[in-house]
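Residue strings, one per chain:
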Number of protein chains: 2
Amino acid sequence: MDTPTEHSSLHRALVAAVGDERCTTTPEDLAYYGSDRCRGGWPVRPSMVVFPRSIAEVQAVVRACAAFDTAIVPSGGRTGLAGAATATAGEVVLSLEKMRQILAIDPAARTLRCEPGVTLQAVQEAAAAHGLLYPVDYASKGSAQIGGSLATNAGGVKVLRYGLTRDWVLGLKAVLASGACLDLGGALVKNNTGYDLRQLFIGSEGTLGVIVEVTLRLARPPADALVALCAAPDDAAVLALFARLRASDLTLSAFECLDEGCLRHVLVHRGGASPFAEPSPRLVLVEVEVPFPGPAAREHTEAALGDVLGAAAEADEIGDALLAATPAQARGLWALREDISESLHRHTPHKADIALPVARIAEFLAAWRLAVAARLPEIEALCFGHIGDGNLHLNLLRPEGLELPEFLARVHGFDDETYALVQAHGGSISAEHGVGLLKREHLHYTRTPEELAIFRGIKTALDPRGMFNPGKIF
Amino acid sequence: MDTPTEHSSLHRALVAAVGDERCTTTPEDLAYYGSDRCRGGWPVRPSMVVFPRSIAEVQAVVRACAAFDTAIVPSGGRTGLAGAATATAGEVVLSLEKMRQILAIDPAARTLRCEPGVTLQAVQEAAAAHGLLYPVDYASKGSAQIGGSLATNAGGVKVLRYGLTRDWVLGLKAVLASGACLDLGGALVKNNTGYDLRQLFIGSEGTLGVIVEVTLRLARPPADALVALCAAPDDAAVLALFARLRASDLTLSAFECLDEGCLRHVLVHRGGASPFAEPSPRLVLVEVEVPFPGPAAREHTEAALGDVLGAAAEADEIGDALLAATPAQARGLWALREDISESLHRHTPHKADIALPVARIAEFLAAWRLAVAARLPEIEALCFGHIGDGNLHLNLLRPEGLELPEFLARVHGFDDETYALVQAHGGSISAEHGVGLLKREHLHYTRTPEELAIFRGIKTALDPRGMFNPGKIF
């Protein structure tokens, strides 16, 4: 695969494909469209950015790049955190942002068909306009595009109840390296006719083709939800509370945990009072659904949640608990969780997005905190995350006075220790953010040589010349 | 790939792998284990049947067969309806029926890990013993094995509410052609590290490897369910009722439709009175879940269902409706649906298991019934199925007096017409039964040459010598 610095013939071909006003090579555009939210220190060097407006134009771009042996980085909202949308070596960035039509909504079938550049938020709003719910939800929804959410199998705050993006994809279309467009369903719930190729594209981080159309399943929204914040003494107590809630007849829609330190940083960052009089080592945000409208279901749910939290308090799993009495209070409790990332930003946190078997979280965290204390004693280590999914976001904060390069050298040096502990506890080095460029060298902690060999075989079957997003994942 | 008639060296190797008492070549065993419930008229000619009891023994069997260049047919409960578990050419049948341990249940994580030979019913019962539900459900559950249910991505009567088997697989282990055992998760909800290889094995009909361990997700069972039977004048009315139910706040767990003729055959076969005084062209079985225990939720659900059915009657979508007042009455209404296959058996029905976009069902059925009337005027055509999933089971019944060979020649000749209509209406030639040997030659009605080329590439990546289940699917 070439990495040309001059593209005059290719440029002409791409202009022919999408029109002059849909091609750009300005340094600002190359820098802006050439990377995502991952600051990995890689060079950002696309050769051009193109903005096709239709499947036919995507096909024309792919055929032109194939003819000139130039690689393509498919590009959505570039909210990814693993560098999967970064162009480092003269690739053409194929931006889907001009393909942003909602194409159809079928309320009886509960499906929504759209172009890939539609934002997650626009999908949610279009579903809501029909009284339906697209339940995948995460903070960057205003920018994240649905094509990218498929390519990364995005997770978010409702996975415990609704699963990952994969669970909501009924069909997709993808343009292959040959320029052919594969139509992988969307109108059918059932289609047992061979290998499910949809699934390969979901989570493939742009390495197999360009997702050019998506059909999503929609859900009926819950009538209402109850939100509680609980103070817990330690990780074991948090997990005991989780098991207690799962054994009840409540429909748990979130179970998010944060360290005391996370709360402290949030309050320092944006002000506000601590929700509890006494500090607590762990805080847990619990959300349960009210299954149907009206007071009977709400009262039942409140009583059942009260019973569970009362029993947890009896068993010393929680010290204190707050139940939001109004929607505004519920939003306030959620904000304590949602504001963490922004509040930590000033400390340039080094993050790890890991998954563990839920039953092994406490054991892992004890080992990891010990390792941080031993190897990085002056560095504050914080954990928060979707603990009900086994998904932890580990954060190492830069101390004031420690220069960034020195900090990065130290925390990068610690990554292998973190990932070896993740491996030893049966976990994954990427729960929901993907691999991209960021975790490629650590992939062996989660994937075996046999699996990597199969990855290469699949890549060869779909993209024999390595045209799509080279260097990403493996 | 050889298809040897003598296997003395291979026989010794397989005896060494699993023990003499776990290998058989008796004609009865070869006939019994060499085919499934599909009567396709293919030769049934395995060379041997082996019964490994562990993953290590499966690996030894695969390595022995690889060394002697002999193909393997992985074999579960052989309840399939497409011939995918049929050995036609000297293959070794690798039966998983001795690997039938439930290995672990984790109530808080809501997972069940088991060997592949556990029956669907045993899985359901093990989950129920912990107050949990494995919601995939179909008539052959007492014989069907969980490994086979993954390999065929089995559906059943609760897909509308709970999805297909694919939606409930958290992880699996599979033995590859090399003899290596791939561990594809099970403890993690989230693991975004490259292509999701689990998904390839689900629905692969034994063509990529041997599934040797399964981790399933479990659900919390509904508190209760309400069952109603509705009489509808035509297909359009049935679909209008479906849209009406989906627009309500009811949790619809089944929406099954049957032709009047299906009911007539059931009543002839096993007696009983018609549920309605007047005959009705279509009958719809509706099941809705009661979301939590106690009278409040039941009363709410009954009232909401009553409202929907009342409005449907006002709109002439349904003529009459029966709501089961007791569990026994509910079972009685379900039996009208569940007894259809057995009741049609005496007429040696020629079946097609197809999927359609729900919105195009009425149009398809009108065209199909016209085509049958024109081409097969003396043959009774009946339709029933999971209409809420777009899944229809079409049945052509042999008239008394028409000899079987003549009947088969005529209905097989009609298959192309059926499948061309399915294709023209955007459907699939196999909704849930799979392809196997039965539909291989019709696969082009649903899969394009590009898709088949990718299938071959994936097959090559995982099973380069074509050792697993040759000739199945494509």
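Source: prediction; values computed, not measured.

Reading guide: rules and limits
Residues numbered from 1 in each chain as written. Chains lettered and ligands numbered in written order. Predicted model: local features only at pLDDT ≥ 70, side-chain atom pairs only at ≥ 80, totals over all residues. Heavy atoms only, no water. Least-squares fit on C-alpha atoms with pLDDT ≥ 70 in both. Contact = heavy atoms within 4.5 Å. Buried area = accessible area lost by both parts, 1.4 Å probe. Salt bridge = Lys/Arg side-chain N within 4 Å of Asp/Glu carboxyl O. Polar contact = N/O pair within 3.5 Å; in protein donor to acceptor, adjacent residues only side chain to side chain. Helix = DSSP H or I, 4+ residues; strand = E, 2+ residues; numbered from the N terminus. Nonpolar A, V, L, I, M, F, W, Y, C, P; charged D, E, K, R; others polar. Pairing = 2+ DSSP bridges. Axes fitted to C-alpha atoms, helices over the stretch in contact; angles between N-to-C directions. Parallel < 35°, antiparallel > 145°, perpendicular 65-115°, else oblique. Left-handed = near helix turned anticlockwise from the far one by under 90°. Core = buried A, V, L, I, M, F, W, Y, C linked by side-chain atoms within 4.5 Å. Buried < 20%, exposed > 50% of the residue type's maximum accessible area, 1.4 Å probe, protein only. Phe/Tyr/Trp six-rings, centres within 6.5 Å; stacked < 30°, edge-to-face > 60°. Lys NZ or Arg CZ within 6 Å of the ring centre and 35° of its normal. 1 Å grid on protein atoms, 1.4 Å probe; cavity = no way out; pocket = protein on both sides within 12 Å on 5 of 7 lines; lining within 4 Å. Points joined across faces, edges and corners; volume = space filled by probe spheres on them.

Participant: Where do I start with the relation of the copies chain B and chain A in this structure?
Facilitator: For the pair of chain copies, the relating transformation is a rotation about an axis with a translation along it. Relative to chain A, chain B is turned by 180 degrees and slid 0.0 Å along the rotation axis, the superposed coordinates differing by an RMSD of 0.0 Å. The two molecules are tied by a two-fold rotation axis, judged by turn and shift. A shared binding surface is used by both copies, with 99% of the interface residues of chain B retained as interface residues in chain A.

Participant: Looking at this structure, how should I read the interface of chain B and chain A?
Facilitator: Contacts between the two partners involve 76 residues from chain B and, on the opposite side, 76 residues from chain A. A combined buried area of about 6100 Å² lies between chain B and chain A, and 60% of that area is made up of carbon and sulfur atoms. On the chain B side of the interface with chain A, the three residues burying the most area are Lys 190, Asn 192 and Tyr 195 of chain B, jointly 17% of the side's total. Taking the shortest distance from any N to any O, the salt bridge between Asp 196 of chain A and Arg 166 of chain B comes out at 3.2 Å. At the boundary of chain B with chain A, the tally comes to 36 residue pairs in polar contact (both at pLDDT 80 or more). Contributions of two or more residues to the side of chain B that touches chain A are made by strand S8 (181-184), helix H7 (197-201), helix H8 (235-247), helix H10 (295-314) and helix H15 (449-462) of chain B. In terms of residues, the side of chain B that touches chain A owes the most to one element, H15 of chain B, which gives 9 residues. For the side of chain B that touches chain A, the class distribution of residues is 37 nonpolar, 23 polar and 16 charged.

Participant: Just checking my understanding: could you explain the sheet that holds strand S1 (residues 23-24) of chain A for this structure?
Facilitator: The strands making up a sheet associate through backbone hydrogen bonding, with each pair oriented either parallel or antiparallel. All names here are of chain A. Pairing in this open sheet of 4 strands is mixed, and the strands run S1-S2-S4-S3 from one edge to the other. What marks the edges here is a single partner per strand, and that holds for S1 and strand S3 (72-75). Here 2 bridges tie S1 to strand S2 (residues 48-50), and the two strands are oriented antiparallel to one another. Residue pairing across strands places Cys 23 opposite Val 50, the latter belonging to S2. Strands in contact with helix H1 (residues 8-18) are S1, S2 and strand S4 (92-95); relative to S2, the strand with the most contacts, it is inclined by about 15 degrees. Packing against the sheet, helix H3 (residues 55-67) makes contact with S2, S3 and S4, and its axis sits at approximately 170 degrees to S4.

Participant: How should I be thinking about the pattern of salt bridges in this particular structure?
Facilitator: Think of it this way: side chains of opposite charge can pair up when their charged atoms draw near. All names here are of chain A. Under the definition given, this model contains 54 salt bridges over all chains. Its salt-bridge partner being Glu 57, residue Arg 53 comes within 2.9 Å of it at the nearest N-O pair. A single salt-bridge network, built from bridges that share partners, covers Asp 235, Asp 259, Arg 282 and Arg 369.

Participant: Explain unusual backbone geometry to me, please; I cannot follow it from the model alone.
Facilitator: Glycine aside, the phi torsion of most residues is negative, and most peptide linkages are trans. The phi torsion at Asn 469 of chain A lies on the positive side, around 50 degrees, for a residue other than glycine. Following the sequence through the fold, Asn 469 of chain A ends up in the segment after helix H15 (449-462). Even without glycine at this site, Arg 110 of chain B takes up a positive phi of about 55 degrees. Mapped onto the secondary structure, Arg 110 of chain B falls in the loop between strand S5 (102-106) and strand S6 (111-114).

Participant: Help me understand the packing of helix H8 (residues 235-247) of chain A against helix H13 (residues 361-375) of chain A, please; the structure alone is not making it clear to me.
Facilitator: Packed helices, taken two at a time, are described by the angle between their axes plus the distance between the axes. All names here are of chain A. H13 packs onto H8 with a crossing angle of 160 degrees between their chain directions and a minimal axis gap of 9 Å. If you check the angle between H8 and H13, you find them roughly antiparallel. In this structure, H8 crosses over H13, and the sense of that crossing is right-handed. Residues Asp 235, Ala 236 and Leu 239 of H8 touch H13, and the partners they reach there are Ile 361, Ala 362, Leu 365 and Arg 369. Class assignment for the residues of the contact of H8 with H13 results in 5 nonpolar, no polar and 2 charged.

Participant: Would you take a moment to explain the sheet that holds strand S15 (residues 380-386) of chain B for this structure?
Facilitator: Residue and element names in this part refer to chain B. The strand order across the open sheet formed by 7 strands is S13-S10-S12-S11-S15-S16-S14, and the pairing between neighbours is antiparallel. Looking at which strands have only one partner, the edges of the open sheet turn out to be strand S13 (321-323) and strand S14 (350-355). Strand after strand, the sheet turns through a mean of 15 degrees between neighbouring axes, direction not considered. Here strand S11 (residues 251-259) runs beside S15; their pairing, made up of 2 bridges, is antiparallel. Among the inter-strand pairings, Leu 258 is bridged to a residue of S15, identified as Phe 384. Packing of helix H14 (residues 404-424) onto the sheet brings it into contact with S14 and strand S16 (391-397), and relative to S14 it is tilted by some 10 degrees.

Participant: Honestly, the nonpolar core in this entry has me stumped. Any pointers?
Facilitator: Nonpolar side chains in soluble globular proteins tend to end up buried together. One finds Phe 255, Phe 364 and Leu 392 of chain A together with Phe 255, Phe 364 and Leu 392 of chain B to be the most contacted residues of the largest nonpolar core, which totals 108 residues. Residues contacting Phe 255 of chain A, with those up to four places away along its chain left out, are Leu 160, Val 238, Leu 241, Phe 242, Leu 245, Val 284, Leu 285, Val 286, Gly 385, His 386, Ile 387 and Gly 388 of chain A. Within the second largest apolar cluster, 86 residues are counted, among which are Cys 114, Phe 201 and Leu 208 of chain A together with Leu 176 of chain B.

Participant: What is the right way to read the packing of aromatic side chains from this model?
Facilitator: Aromatic ring pairs are defined here through the distance separating the ring centres and the angle between the ring planes. Counted by the stated rule, this structure contains 17 aromatic pairs over all chains. Consider the rings of Tyr 419 of chain A and Tyr 445 of chain A, whose centres lie 6.3 Å apart with planes at 45 degrees: the pair is tilted. With Tyr 419 of chain A in helix H14 (residues 404-424) and Tyr 445 of chain A in the loop between H14 and H15, this pair connects stretches of sequence that are 26 residues apart. Accessibility classification places Tyr 419 of chain A together with Tyr 445 of chain A in one group, the buried group. Measuring from ring centre to ring centre gives 5.7 Å for Phe 455 of chain A and Phe 474 of chain A, while their planes differ by 55 degrees; the resulting arrangement is tilted. Of this pair, Phe 455 of chain A sits in helix H15 while Phe 474 of chain A sits in the segment after H15, and the two are 19 residues apart along the sequence. With relative accessibility at 0%, the residue Phe 455 of chain A sits in the buried group. Three or more aromatic residues link up through ring pairs in this structure, and these residues are Tyr 32, Tyr 33 and Phe 51 of chain A. Seen from the ring of Tyr 32 of chain A, Arg 78 of chain A lies directly overhead, with NZ or CZ sitting 4.6 Å from the centre. Cation over ring: Lys 98 of chain B sits above Phe 51 of chain B, and NZ or CZ is 5.5 Å from the ring centre.

Participant: Would you mind going over empty space enclosed by the protein with me for this structure?
Facilitator: Picture a little ball the size of a water molecule; that probe, rolled over the atoms, points out where space is still empty. Per the stated rule, a full pass over the model turns up 7 cavities of 30 Å³ or more. Considered as a void within the structure, the largest cavity measures approximately 70 Å³ in volume. Lining the largest cavity are Arg 220, Pro 291 and Phe 292 of chain A together with Asp 249, Leu 250, Thr 251, Glu 289, Pro 291, His 300 and Thr 301 of chain B. Considering only residue class, the lining of the largest cavity consists of 4 nonpolar, 3 polar and 3 charged.

Participant: Where do I start with the side chain of Thr 111 of chain B in this structure?
Facilitator: All names here are of chain B. Locating Thr 111 in the fold gives a position in strand S6. On the basis of relative accessibility, which here comes to 12%, the residue Thr 111 falls in the buried class. With sequence-adjacent residues up to four places away left out, Thr 111 is seen in contact with Ala 104, Ile 105, Asp 106, Leu 170, Thr 215, Leu 216 and Leu 218.

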